[in-house]
Amino acid sequence: VNLGYMFKGPAGFSVKAQDAYMNTQDPANSELVDREQRCQNTAGGVMEYAPGGGGFYVAVEGDHVIHRYRNQSLAATLDRYELAFGGRMGFKVMSKTRVFASYKRQTVHYTIDEYTVGGKTYDAKNSRADLLTAGIEGRILPKVQGSIETGVVHRLYDGPDTDRAETVDRRSGSTRNWVITGQTQWKPGPRTDVNLRLSRGLQESTYAGNRFY
């Protein structure tokens, strides 16, 4: 179920908001490949302002994602919410093409603060991250529409509870990784569309010793 709202005001002001609810059975968003029943709700929006309706624009955006699994074992290790907010700025390089740079602050917080695997107790894999990217959107090539965004994410994980340091694997720390997302459509002919999607990012892991893959 998807709901959306869009408002276009005067002087280059616009607002978009949406909510997407999904109840499905598919592989978990981790290294697991078995199909599992889960639900996910994603709510977010963006507010954009282009002074005088010109080529330069600034925007603020944010989204909130909730993950819930029916399997109790997976719920203990993967139920969480993800919050992201930030801003972007860019300008038109052609009438239907824009380039931009953006910054986002991300938070991942697990529902269960700790869980036990094989007799060992582990803290939830909560984290905070900074995401800096640049990209292009609109008409990328004469017959190609879409968007490509790439950059670097720096994620900092919460440390273990010091009162239980002897029973908890020390998985605190940080990671820096290259990330990319893209979605393009090439229209070689009036009745033919070729779609390409790609992504590289940090995915949550169910392994007790690994926070992501």
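Quick summary incoming for the structure in this document. From a predicted model like this one, the values you see are computed outputs, not experimental measurements.

Thoughts on the environment of Ser127
Position of Ser127 among the secondary structure elements: in strand β9 (residues 127-141). By relative accessible area, which is 3% here, Ser127 ends up buried. Contact partners of Ser127, with chain neighbours within four places excluded, come to Gln106, Thr107, Val108, Arg155, Leu156 and Tyr157.

Points about the sheet that holds strand β6 (residues 97-110)
If you trace the ten strands from one edge of the open sheet to the other, you get β1-β2-β3-β4-β5-β6-β9-β10-β11-β12, paired in antiparallel fashion. A single partner strand is all that each edge strand has here, and the edge strands are β1 (2-8) and β12 (192-200). With strand direction ignored, the average angle separating the axes of adjacent strands in the sheet is 15°. The pairing of β9 with strand β10 (residues 144-157) spans 14 bridges and is antiparallel. Opposite Ala129, over in β10, you have Arg155 as the bridge partner.

Focus on the nonpolar core
Residues Ala129, Leu131, Val153, Val179 and Leu202 constitute the largest nonpolar core, which totals five residues. With residues near it in sequence (within four places) discarded, Ala129 still touches Lys104, Arg105, Gln106, Val153, His154 and Arg155.

Looking at a nonpolar patch on the surface
There is a patch of nonpolar side chains on the surface, built from Tyr49, Phe56, Val58, Met89, Phe91, Val93 and Met94 and spanning about 650 Å² of accessible area. When contributions to the nonpolar patch are tallied by element, the ones reaching two or more residues are β4 (56-69) and β5 (80-94). Broken down by element, the residue count for the nonpolar patch peaks at four residues, all from β5. When you line up the elements, Val93 lands in strand β5. Accessibility expressed as a relative area gives 44% for Val93, which makes it partly exposed.

Observations regarding unusual backbone geometry
Excluding glycine, most residues fall at negative phi; most peptide bonds, likewise, are trans. One non-glycine residue, Ala11, lies in positive phi territory at about 55°. Along the polypeptide, Ala11 turns up in the loop between β1 and β2 (13-27).

Procedures and definitions
Residues numbered from 1 in each chain as written. Predicted model: local features only at pLDDT ≥ 70, side-chain atom pairs only at ≥ 80, totals over all residues. Heavy atoms only, no water. Helix = DSSP H or I, 4+ residues; strand = E, 2+ residues; numbered from the N terminus. Buried < 20%, exposed > 50% of the residue type's maximum accessible area, 1.4 Å probe, protein only. Contact = heavy atoms within 4.5 Å. Pairing = 2+ DSSP bridges. Axes fitted to C-alpha atoms, helices over the stretch in contact; angles between N-to-C directions. Core = buried A, V, L, I, M, F, W, Y, C linked by side-chain atoms within 4.5 Å. Patch = residues over 30% accessible without salt bridge, like charges linked within 9 Å, V, L, I, M, F, W, Y side chains within 5 Å. Areas by Shrake-Rupley, 256 points an atom, 1.4 Å probe, with all protein chains shown as cover. Salt bridge = Lys/Arg side-chain N within 4 Å of Asp/Glu carboxyl O.

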